Amino acid sequence: MTNNPNELTVENSAMILIDHQPAVAMVTHSVPHAVLINNTAALCRTAKTLGVPTVLTTVGARGSVLADPIFKEISEVFPEIAPIDRTSTHAWSHPDVRAAVDATGRRKLVMAGIATEVCLVQSVLGAIKDGFDVYFVSDCSAGINREAHDDAKVRMTMAGAKPINWVAVLNEWAPDYTTPERVALTSVLAQRGGTAGLLTDFSLAQVTAGIVAAPDFRAAAAQVGER
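Residues numbered from 1 in each chain as written. Predicted model: local features only at pLDDT ≥ 70, side-chain atom pairs only at ≥ 80, totals over all residues. Heavy atoms only, no water.

A. How the structure looks around the overall build of the protein chain. From N to C terminus, the protein chain includes ten helices and six strands. With respect to the three principal axes, the spread of C-alpha positions in the protein chain is 55 × 35 × 35 Å. Excluding contacts between residues fewer than 6 apart, the proportion of contacts in the protein chain whose partners are at least 24 apart in sequence is 79%. Carbon and sulfur atoms provide 58% of the accessible area of the protein chain, an area that totals close to 10400 Å². Within the protein chain, the 23 negative side-chain charges are centred at a point lying 2 Å from the centre of the 18 positive side-chain charges. (Helix = DSSP H or I, 4+ residues; strand = E, 2+ residues; numbered from the N terminus. Contact = heavy atoms within 4.5 Å. Areas by Shrake-Rupley, 256 points an atom, 1.4 Å probe, with all protein chains shown as cover. Lys, Arg positive; Asp, Glu negative; His and termini not counted. Charge placed at Lys NZ, Arg CZ, Asp CG, Glu CD.)

The structure is reproduced here in structure tokens:
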């Protein structure tokens with residue numbers, strides 16, 4: 001990867017997504033569900049494109065009366081990763097989750113989950129206690145209500161975790177727009193970036209229309225590959 005001056009890089013971080021499941025999401029209302037799904041899908045696509053090690057978890061997804069699988073928008077990006085299912089709200093306490101994190105060899109963790117005030121907080125605090133540097137992605141997480149979500153953000157921040165959003169994560173991992181890894185993220189921003197996607201579409205339209213020439217650095221995308 002291209003040299004990155006940021007404190008959060010592709011080489012030093014791993015991602016953990018906690019309990020992004022339909023039934024869990026249905027009781028979390030701090031953010032519109034469509035926004036939560038879009039943002040989480042964008043974060044997943046960013047991590048997959050850049051090769052950031054990822055751990056997926058679910059709670060009560062199987063073995064009970066009902067099935068509650070991980071969001072399809074996540075499983076479609078990571079079909080090779082089996083979510084680690086459990087019965088406790090505290091994902092970090094599950095030995096398989098901890099083993100999967102330790103196997104990455106990374107000490108900086110990008111974490112998101114629902115509900116923010118329950119499953120995410122418990123694991124974030126557990127990881128911090130064990131010496132990990134945690135960044136929680138607030139716009140890929142959701143609480144029962146806005147107050148619960150905000151209270152959880154304060155609690156995690158007071159414990160030493162760092163709040164961040166998915167666009168900021170993308171820019172931390174790939175800050176230089178002339179690098180092949182950033183070019184490879186063009187489709188993520190175009191499809192999931194909201195207003196950033198509008199700017200991306202506008203810029204690409206100028207190239208497609210022949211108004212401006214494609215910059216030389218776009219050829220570098222072949223080194224990473226559009227995924």
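B. The nonpolar core, seen in detail. Val 137, Trp 166 and Trp 173 are the most contacted members of the largest nonpolar core, which totals 37 residues. Looking at this core, the elements with two or more residues in it are strand 1 (13-18), helix 1 (22-25), helix 2 (33-50), strand 2 (54-59), strand 4 (108-113), strand 5 (133-137), helix 7 (166-173) and helix 9 (186-192). Not counting chain neighbours up to four residues away, the residues in contact with Trp 166 comprise Asn 39, Ala 42, Leu 43, Thr 46, Val 137, Asp 139, Cys 140, Val 188, Leu 189, Arg 192 and Gly 193. (Core = buried A, V, L, I, M, F, W, Y, C linked by side-chain atoms within 4.5 Å. Buried < 20%, exposed > 50% of the residue type's maximum accessible area, 1.4 Å probe, protein only.)

C. Expanded view of unusual backbone geometry. Look at the link from Ile 114 to Ala 115: it is a cis peptide, with omega at 0 degrees. Topologically, Ala 115 is positioned in the loop between strand 4 and helix 5 (116-129). Even without being glycine, Asp 19 reaches a positive phi, approximately 65 degrees. Relative accessible area serves as the criterion here: at 0%, Asp 19 is assigned to the buried category.

D. How the structure looks around helix 4 (residues 95-104). Within the span of helix 4, buried status applies to Val 97, Val 101 and Thr 104. Within helix 4, the buried residues cover an arc of 55 degrees as seen down the axis, which keeps them to one side. Away from the buried face of helix 4 by more than 90 degrees, exposed residues Pro 95 and Ala 103 are located. Packed against the buried residues of helix 4 are strand 1, strand 2, strand 3 (84-86) and strand 4. (Arc of directions from axis to C-beta.)

E. Molecular detail of the packing of aromatic side chains. By the definition in use, this model includes one aromatic pair. Their ring planes at 80 degrees and their centres at 5.2 Å tell us that Trp 92 and Phe 132 sit as a pair that is edge-to-face. Of the two residues, Trp 92 sits in the loop between strand 3 and helix 4 while Phe 132 sits in the loop between helix 5 and strand 5, which places them 40 residues apart along the sequence. With respect to class, Trp 92 is no different from Phe 132; both count as buried. (Phe/Tyr/Trp six-rings, centres within 6.5 Å; stacked < 30°, edge-to-face > 60°.)

F. Quick peek at the environment of Asn 145. If you trace the backbone, Asn 145 turns up in the loop between strand 5 and helix 6 (146-158). Given a relative accessible area of 36%, Asn 145 falls into the partly exposed group. Sequence-wise, Asn 145 and Ala 115 are 30 residues apart; in three dimensions their C-alpha atoms are separated by 9.6 Å.

G. Broad picture of a nonpolar patch on the surface. On the surface, Met 26, Val 27 and Ile 144 cluster together into a nonpolar patch covering about 280 Å² of accessible area. The exposure class of Val 27 is partly exposed, given its relative accessible area of 45%. (Patch = residues over 30% accessible without salt bridge, like charges linked within 9 Å, V, L, I, M, F, W, Y side chains within 5 Å. Salt bridge = Lys/Arg side-chain N within 4 Å of Asp/Glu carboxyl O.)

H. Structural view of the sheet that holds strand 3. The six strands are arranged 3-2-1-4-5-6 in an open sheet whose pairing can be described as parallel. Each of the sheet's edge strands pairs with one partner strand only, and the pair in question is strand 3 and strand 6 (162-164). In this sheet, adjacent strand axes meet at a mean angle of 25 degrees when their direction is disregarded. Note: strand 1 against strand 4, six bridges, orientation parallel. (Pairing = 2+ DSSP bridges. Axes fitted to C-alpha atoms, helices over the stretch in contact; angles between N-to-C directions.)

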